[in-house]
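A structural walkthrough
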Amino acid sequence: MPLNLQKNLPAIELLKKEHIFVMDSLRASEQDIRPLRVVVLNLMPLKITTETDLIRLLSNSPLQVELDFMKIKGHQPKNTPVEHMQEFYKDFDAICNDYYDGLIVTGAPVEQMAFEDVTYWEELKTILNWSRTHVTSTLYICWAAQAGLYHFYGIPKYDLKEKKFGIFKHTLNDPYLPIFRGFDDEFYVPHSRHTEIRREDILKVPEVKLLSESRDAGVYMAMARGGREFFITGHSEYSPNTLHDEYTRDLQKGLPINVPENYYTDNDPSKPPLVRWRGHANLLFTNWLNYYVYQETPFRIEDIRSLGDL
C-alpha cells in the first residue's frame, strides 16, 4: 500500500531497510486518488516501535492510506522524545471535527488498573464516542479492546493468575466473514497481557459477536455493529523480537515472568524466535482495510456521520 506519511517519520527509513514500500506526502500528493484516512491513537509506551509495527502491516495493500497519529492531551510518554510527539502527533482537540475512514486504538500498560482509575479515561471515552460518528471502522487492540467492550457494552475484564505470554493457536467461529478471508482453520497470534475478557460475558451481549478464540489464550476477536468495531485481545502487529524484548526487560527488572510459550525455537530462549503469525497478521489488517474500511466508507468522507451499522 502506498502509505502517505510525513517525510521524516523514523518508521519510513526503518521499513525501507526491510524492502517495504511506503510513500511520503510529497509523492502521494501527485496521485489523483482519494486516499483512505486512518488515525492511530497510540497508547503504547514505545511509540516509534508501535508506529513501525502498524505501518509494516498497513503497507501490504494496493490502497493508498493517509495516516495520522493521535495522542492523549497533556500526557507526555517517558520513552519517546518530546520532539517526536510534537512533530508527528495531534491532540484530539485538533482533529475532533475531522472524519476518518479507519481508527486503530492500541494497547496500553494500564490493564491491571480499574478503567476509571486510568488518568485519561474520561478523554478516552470522549474519543471512543466520537469514533461512532466520525469513523467508518475502528480496530481496538489488547487493552483498548477491553476498554471498548467495557465502555460500550459493559463487558468486564478479569485479572489472570499469571501473565498470558507467548504465541497461541486460535480457531474461527465464523470462517466465512470477510475479516478472515484467506485465513487457515488454525492460526497463531502473540499475546502479552495480565487480564482477560471471558466468552460467557460476550455471549450475554447480543450486539457483540464472538469471532475467534483460543483453547489456551481465550477470547481473541469480537465484532460489533456489523464490522464498524473490532475488538482484538492479542498483538498480531508484534514484530518477531517484541516478546523477546519484553521477556528480557522483565528479567532485568527482577519481575516474575515465564519464558514466552511457543515462541523460541525448541522453547529455548538462547535460540531465535520462530515466527508463525506474520502471514495472518498481514491478512487481518489487509482484510480490515479492504472489506470494512474501503468497501464501506462513503466517497464524501463527511457522510460517515450518517452511516448505520454495516
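Throughout what follows, the structure given in this document is the object of discussion. (Residues numbered from 1 in each chain as written. Predicted model: local features only at pLDDT ≥ 70, side-chain atom pairs only at ≥ 80, totals over all residues. Heavy atoms only, no water.)

**Describing the overall build of the protein**
Within the protein, the secondary structure is distributed over ten helices and twelve strands. Rg of the C-alpha trace for the protein: 19 Å, near the compact-globule value of 19 Å for 310 residues, within the 12% margin. Overall, the C-alpha framework of the protein stretches about 50 × 45 × 40 Å when taken along its three principal axes. Considering only residue pairs separated by 6 or more positions, the protein has 73% of its internal contacts joining residues 24 or more positions apart. Counting only carbon and sulfur atoms, one obtains 49% of the accessible surface of the protein, whose full area is about 14200 Å². Both charge centroids of the protein, one from 35 positive and one from 44 negative side chains, sit 1 Å from each other. (Helix = DSSP H or I, 4+ residues; strand = E, 2+ residues; numbered from the N terminus. Rg over C-alpha atoms; globule rule 2.2 N^0.38 Å. Contact = heavy atoms within 4.5 Å. Areas by Shrake-Rupley, 256 points an atom, 1.4 Å probe, with all protein chains shown as cover. Lys, Arg positive; Asp, Glu negative; His and termini not counted. Charge placed at Lys NZ, Arg CZ, Asp CG, Glu CD.)

**Examining unusual backbone geometry**
Phi angles above zero are rare outside glycine, and C142 is one such case at about 55°. By relative accessible area, C142 is classed as buried at 6%. (Buried < 20%, exposed > 50% of the residue type's maximum accessible area, 1.4 Å probe, protein only.)

**Quick notes on the side chain of D101**
Structurally, D101 is set in strand β6 (residues 100-105). At 2.6 Å, the side chain of D101 forms a polar contact with the backbone nitrogen of R37. Look past the residues within four positions of D101 in its chain and what remains in contact with it is R34, P35, L36, R37, V135, T136, S137, V293, T297, I301 and I304. (Polar contact = N/O pair within 3.5 Å; in protein donor to acceptor, adjacent residues only side chain to side chain.)

**Quick word on helix α10 (residues 278-294)**
Under the 1.5 Å per step criterion, the end-to-end length of α10 is 23 Å for 17 residues, consistent within 8% with the ideal 24 Å. Of the positions making up α10, those classed as buried are H280, A281, N282, L284, F285, N287, W288, L289, Y292 and V293. (Expected span 1.5 Å × (residues − 1).)

**A look at the packing of aromatic side chains**
The description of an aromatic ring pair uses the distance of the two centres, along with the angle that the planes make with each other. A full pass over the atoms with the stated rule returns 19 aromatic pairs. Their ring planes at 90° and their centres at 6.3 Å tell us that Y153 and F231 sit as a pair that is edge-to-face. With a gap of 78 residues between them, Y153 in helix α7 (residues 143-153) and F231 in strand β12 (residues 229-232) connect regions that are remote in the sequence. The pair Y153 / F231 is uniform in exposure class, with both members buried. Here a set of aromatic residues connected by ring pairs shows up, and it is made of F115, Y120, W121, W143 and Y150. Taking the ring centre of Y100 as reference, the NZ or CZ of R37 above it sits at 4.4 Å. (Phe/Tyr/Trp six-rings, centres within 6.5 Å; stacked < 30°, edge-to-face > 60°. Lys NZ or Arg CZ within 6 Å of the ring centre and 35° of its normal.)

**A short note on the pattern of salt bridges**
Enumeration over the complete set of coordinates arrives at 22 salt bridges. Between E196 and R198 there is a salt bridge, with the nearest N and O atoms lying 3.2 Å from each other. The closest approach of N and O atoms between R249 and D250, which form a salt bridge, is 3.0 Å. The partly exposed category is assigned to R249, whose relative accessible area is 37%. Given the relative accessible area of 6%, D250 is considered buried. Connected through salt bridges with shared partners, the residues R37, E66, D68 and K90 form a single ionic network. (Salt bridge = Lys/Arg side-chain N within 4 Å of Asp/Glu carboxyl O.)

**Regarding the side chain of T138**
When you line up the elements, T138 lands in strand β7 (residues 135-141). Discounting chain neighbours no more than four positions away, the residues touching T138 are L103, V105, S131, R228, E229, F230 and W288.

**Points about the packing of helix α6 (residues 121-134) against α7**
The packing of two helices is summarised by the inter-axis angle and the distance between the axes. At a minimum axis separation of 11 Å, α6 and α7 run at an interaxial angle of 75°. In terms of axis orientation, α6 runs roughly perpendicular to α7. Here W121, L124, K125, L128, N129 and R132 of α6 lie close against α7, whose contacting residues are W143, A147, G148, Y150, H151, F152 and Y153. For the contact of α6 with α7, the residue count by class is eight nonpolar, three polar and two charged. (Axes fitted to C-alpha atoms, helices over the stretch in contact; angles between N-to-C directions. Parallel < 35°, antiparallel > 145°, perpendicular 65-115°, else oblique. Nonpolar A, V, L, I, M, F, W, Y, C, P; charged D, E, K, R; others polar.)

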